[in-house]
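The primary structure of each chain is shown beneath.
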Amino acid sequence: MSADGQRTVTWLPEIRRGGFRGALYGDTDPADLCGYPDHPPRMGFFTDTSVCIGCKACEVACKEWNGVPEDGLNLLGMSYDNTGGLGADTWRHVAFIEQRKPVAAPDAGVAREGASDQLRWLMAADVCKHCTHAACLDACPTGALFRTEFGTVVVQEDICNGCGYCVPACPYGVIDQRKDDGRAWKCTLCYDRIGDGMEPACAKACPTDSIQFGPLDELRERADARLAQLHAAGVADAQLYGRDPDDGVAGDGAFFLLLDEPEVYGLPPDPVVTTRDIPSMWRHVGTAAAVMAAGAVAAFAAATLGGQR
Amino acid sequence: MSRRRAEQPVVPPAEFTSYYGKPILNQPTWASPDIPGYLFLGGLAGGASLLAAGADLTGRDVLGRTAKAGALTAGLVSVAALIHDLGRPARFLNMMRVFKVTSPMSVGSWLLGGYVPAAGVAAVTALTGRLPRLGAVATAGAAVLGPGVAAYTAALISNTAVPAWHDGYPEMPFVFTGSGMMAAGGLGMLSGLLPGAGPGEAEPARNLALLGAAMEAAAFERMEHRIGMVAEPYSRGRGGGYVKAGKALAILGAGGAALSRRSPVATAVSGVALILASAATRWGIFHAGLASAADPKYTVVPQRQRLNERTLAASRALDAD
């Protein structure tokens, strides 16, 4: 870890030490892995959905700051969600879930008899996860997607040629192609702001501090404390999502506190970065190519031995 | 949030939760016919380059010229399809900015960058009769790179979060190279009908087609069987339709190739059927992948099952302590 920003680690020695897999899978500091010699601590978001009030100030602030175009003025019939999901023109998305579920009220002091039968309204501001091992970045053939010194993942719009490979690579359905423009777009974690010591637009605009920005180490500590607090208050379903450095993407730079299972919010329950399997994929490709060449040799040998010529 | 029941219960629990039934993944932006065509033509080109090299070594001129022309045409059209599918075609050369082994699209761009010129020189020298030594080198080069061109596209689609593509990654390269052998074999069989073709001119092509058809079928079968419910889109809907058409055409083509060696009509029908069979399989795999990305079931159910098993194992381990 490099919270002190002192350790100098380049990519190649990292691979030599941890093997090629270490560069593709498992806990690591992504800025170290990419060879930033003297980088700031890894920055991220902790989105505590238990205090989200669904005001969508984050969606608006993101659009305003980043100049993200309008993405359709729709009534989707999904509670108060008229945005639908993350995409090229939606970098923050507030999900609204209405459910009747026997749950404890978070504030035991004001819980009423029978409160558990009432409608529960969940709101959550989704965003790019800035994965420790980011499939979009691994898949990008042009180098348009890159890892910043803050450990975040950003698209360079002057490089992207719109091949679209990052889109199905992302296990969360975040990055997408802007149709009239052809290029891929997603949250930059306001690279232009955080470089100047400001917090990202969405976090700045959030009136309840549901969206918290800061060094990932600190955010993780804060999230653990908040989770313990909620569990103590009887909110048994509360869980952290994307916090665990041992998960399939080695943890997210933007992680969440959820009040139900991830799939309820449209999040994959156990995402894995596809490039975890790339060494095995290349081995299989190599074998299949060799078999093909051997097949051709056999096809000619059989024709010759068969006396057809 | 919506709860829904899958049409047919399968191995994992068929009930799952989603956000208003919306997909977890963003849909691939790749379009048909560009990308399935690209997958198909890469296989055809790679197989044809192997046939071309073999034909040169065994003195089969007509087969050699046919295979080289076919390889170059398929290679050029596949590159054109790839460029056409880009959101910014004018920036195609940005593919050559970097070389990344984690990106099959990057590896493939470099592979094609070597392959297409080699196949081009091989074809032009063969058809014009000029610079035979250069032609021999280019033919050999194209034959070395050809199997890679045919196989890498399997890693291209498997290296995604699309369940039907990713989960099938161990077998997919064998489906693709088998399919490429079948298509190239079908093309080569047609050369036996051309003027100047000797007896047995196209026999290696026929053998290659039969080997390829068997390999594609076996690998596909194994893949579908192994990946369980995620394989559903390979037998349903648009993808399933193409896959079934591909199987029928492969049986027709392989049957014809094996049984009626003497009949020119049967050879022509079989050759065309084998080429179309390969194309249909690629279109089927392409559309099955889209379907598996569009339905949250294929993302959520296997992941939820995996997570539950892990939680269960962890709690058992805790109990044992």
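Everything numeric in this text was worked out from a predicted model, so none of it was measured. (Residues numbered from 1 in each chain as written. Chains lettered and ligands numbered in written order. Predicted model: local features only at pLDDT ≥ 70, side-chain atom pairs only at ≥ 80, totals over all residues. Heavy atoms only, no water.)

Asks: Quick question: what am I supposed to make of the overall build of chain B here?
Replies: Counting its regular elements, chain B contains 10 helices and 2 strands. Tracing chain B from N to C terminus, the helices and strands come up as β-β-α-α-α-α-α-α-α-α-α-α. The C-alpha atoms of chain B give 22 Å as radius of gyration, which agrees with the globular expectation for 321 residues (20 Å, within 12%). Projected onto its principal axes, the C-alpha positions of chain B cover 75 × 50 × 40 Å. Scored against the burial criterion, the 321 residues of chain B give a buried share of 60%. Contacts spanning at least 24 positions in sequence make up 74% of the contacts within chain B whose residues lie at least 6 apart. Only carbon and sulfur atoms are counted for the fraction: they give 66% of the accessible area of chain B, which is about 12500 Å². Where the 28 positive side-chain charges of chain B centre and where its 18 negative ones centre are 6 Å apart. (Helix = DSSP H or I, 4+ residues; strand = E, 2+ residues; numbered from the N terminus. Rg over C-alpha atoms; globule rule 2.2 N^0.38 Å. Buried < 20%, exposed > 50% of the residue type's maximum accessible area, 1.4 Å probe, protein only. Contact = heavy atoms within 4.5 Å. Areas by Shrake-Rupley, 256 points an atom, 1.4 Å probe, with all protein chains shown as cover. Lys, Arg positive; Asp, Glu negative; His and termini not counted. Charge placed at Lys NZ, Arg CZ, Asp CG, Glu CD.)

Asks: Explanation requested: unusual backbone geometry in the structure shown.
Replies: In this model, Ser32 of chain B is joined to Pro33 of chain B through a cis peptide bond whose omega is 10°. Within the secondary structure layout, Pro33 of chain B lies in the loop between strand 2 (15–18) and helix 1 (34–57). In the Ramachandran plot, Lys56 of chain A falls in the positive-phi region, its phi being about 65° despite a non-glycine side chain. With respect to the helices and strands, the residue Lys56 of chain A is situated in the loop between strand 1 (43–48) and helix 3 (57–66). Even without being a glycine, Leu189 of chain A presents a positive backbone phi close to 50°. Mapped onto the elements of the fold, Leu189 of chain A is located in the loop between strand 7 (184–185) and helix 6 (191–194).

Asks: Can you walk me through the packing of helix 9 (residues 278–305) of chain A against helix 7 (residues 203–227) of chain B in this structure?
Replies: Two quantities define a packed helix pair, namely the angle between the axes and the distance from one axis to the other. Look at helix 9 of chain A against helix 7 of chain B: their axes get within 8 Å of each other, and the N-to-C directions meet at 140°. By the criterion of interaxial angle, the relationship of helix 9 of chain A to helix 7 of chain B is oblique. Helix 9 of chain A and helix 7 of chain B meet at a crossing whose hand is right-handed. Here Val291, Gly295, Ala296, Ala298, Ala299, Phe300, Ala302 and Ala303 of chain A of helix 9 of chain A lie close against helix 7 of chain B, whose contacting residues are Glu203, Pro204, Asn207, Leu208, Leu211 and Met215 of chain B. (Axes fitted to C-alpha atoms, helices over the stretch in contact; angles between N-to-C directions. Parallel < 35°, antiparallel > 145°, perpendicular 65-115°, else oblique. Left-handed = near helix turned anticlockwise from the far one by under 90°.)

Asks: How should empty space enclosed by the protein be read in this particular structure?
Replies: Any empty space left between the atoms is revealed when a probe the size of a water molecule rolls over them. All names here are of chain A. Under the defined criterion, the tally for this structure stands at 7 cavities of 30 Å³ or more. Taken as a whole, the largest cavity holds about 100 Å³ of empty space. Surrounding the largest cavity, 14 residues form its lining, Cys128, Cys131, Ala134, Cys136 and Cys170 being those nearest its centre. Of the residues contributing to the lining of the largest cavity, the split by class is 11 nonpolar, 1 polar and 2 charged. (1 Å grid on protein atoms, 1.4 Å probe; cavity = no way out; pocket = protein on both sides within 12 Å on 5 of 7 lines; lining within 4 Å. Points joined across faces, edges and corners; volume = space filled by probe spheres on them. Nonpolar A, V, L, I, M, F, W, Y, C, P; charged D, E, K, R; others polar.)

Asks: Would you explain the interface of chain B and chain A in this entry?
Replies: It is common to give the size of an interface as the accessible area that goes away when the parts come together. Between chain B and chain A, the contact holds 79 residues from the first and 84 residues from the second. Roughly 6300 Å² of surface becomes buried between chain B and chain A when both sides are summed, with 61% attributable to carbon and sulfur atoms. Remark: the boundary between chain B and chain A carries 5 salt bridges. Salt-bridge contacts for Asp181 of chain A lead to Arg88 of chain B; the nearest nitrogen and oxygen are separated by 3.8 Å. Along the contact surface separating chain B from chain A lie 34 residue pairs in polar contact (both at pLDDT 80 or more). Those elements that place two or more of their residues in the side of chain B that touches chain A are strand 2, helix 1, helix 2 (61–85), helix 3 (104–128), helix 4 (132–158), helix 6 (172–191), helix 7 and helix 10 (296–320) of chain B. Examining the composition of the side of chain B that touches chain A, we find that 8 residues originate from one element, helix 4 of chain B, more than from any other. Looking at the side of chain B that touches chain A residue by residue, the class counts come to 39 nonpolar, 28 polar and 12 charged. (Buried area = accessible area lost by both parts, 1.4 Å probe. Salt bridge = Lys/Arg side-chain N within 4 Å of Asp/Glu carboxyl O. Polar contact = N/O pair within 3.5 Å; in protein donor to acceptor, adjacent residues only side chain to side chain.)

Asks: Help me out: how do you make sense of the pattern of salt bridges in this one?
Replies: A side chain with one charge can pair with a side chain of the opposite charge if their charged atoms come near. Residues and elements named next belong to chain B. In total, this model carries 21 salt bridges over all chains according to the counting rule given. The partner of Glu232 in a salt bridge is Arg236, with the nearest N and O atoms 3.3 Å apart. Since its relative accessible area comes to 7%, Glu232 is described here as buried. Classification of Arg236 as partly exposed rests on a relative accessible area of 28%. Note that Lys297 and Glu232 form a salt bridge whose closest N and O atoms lie 3.2 Å from each other.

Asks: Please explain helix 8 (residues 237–259) of chain B as it appears in this structure.
Replies: Along an α-helix, residues three or four positions apart point the same way, because every turn accommodates 3.6 residues. All names here are of chain B. Between its first and last C-alpha atoms helix 8 spans 33 Å; for 23 residues at 1.5 Å apiece the expected length is 33 Å, and the two agree. Every buried residue of helix 8 is listed here: Gly239, Gly240, Val243, Gly246, Ala250, Gly253, Ala254, Gly256 and Ala257. Check the buried side of helix 8 and you find it contacts helix 6, helix 7 and helix 9 (264–294). (Expected span 1.5 Å × (residues − 1).)

Asks: I tried to follow the confidence of the model for chain A on my own but got confused; where do I start?
Replies: As a note on interpretation, predicted positions should not be read in detail where pLDDT is low. Residues and elements named next belong to chain A. When pLDDT is averaged across chain A, the result is 90; 87% of the residues are at 70 or more. A low-confidence stretch, residues 1–11 (pLDDT under 50), is modelled with 29 contacts involving residues beyond four sequence positions or located in other chains. For the stretch residues 13–18, pLDDT sits under 50, and the model shows 7 contacts to residues farther than four places along the chain or on other chains. (pLDDT = per-residue confidence, 0-100.)

Asks: Would you take a moment to explain the packing of helix 1 of chain B against helix 4 of chain B for this structure?
Replies: Residue and element names in this part refer to chain B. Orientation of helix 1 relative to helix 4, taken along the N-to-C sense of each, is 155°, at an axis distance of 8 Å. Taken together, the axes of helix 1 and helix 4 lie roughly antiparallel to each other. In terms of crossing hand, the pair formed by helix 1 and helix 4 is left-handed. Mapping the contact onto sequence places Tyr38, Leu39, Gly42, Gly43, Gly46, Ser49, Leu50, Ala52, Ala53 and Asp56 in helix 1 and Thr139, Ala142, Ala143, Gly146, Pro147, Val149, Ala150, Tyr152, Thr153, Leu156 and Ile157 in helix 4. Class assignment for the residues of the contact of helix 1 with helix 4 results in 13 nonpolar, 7 polar and 1 charged.

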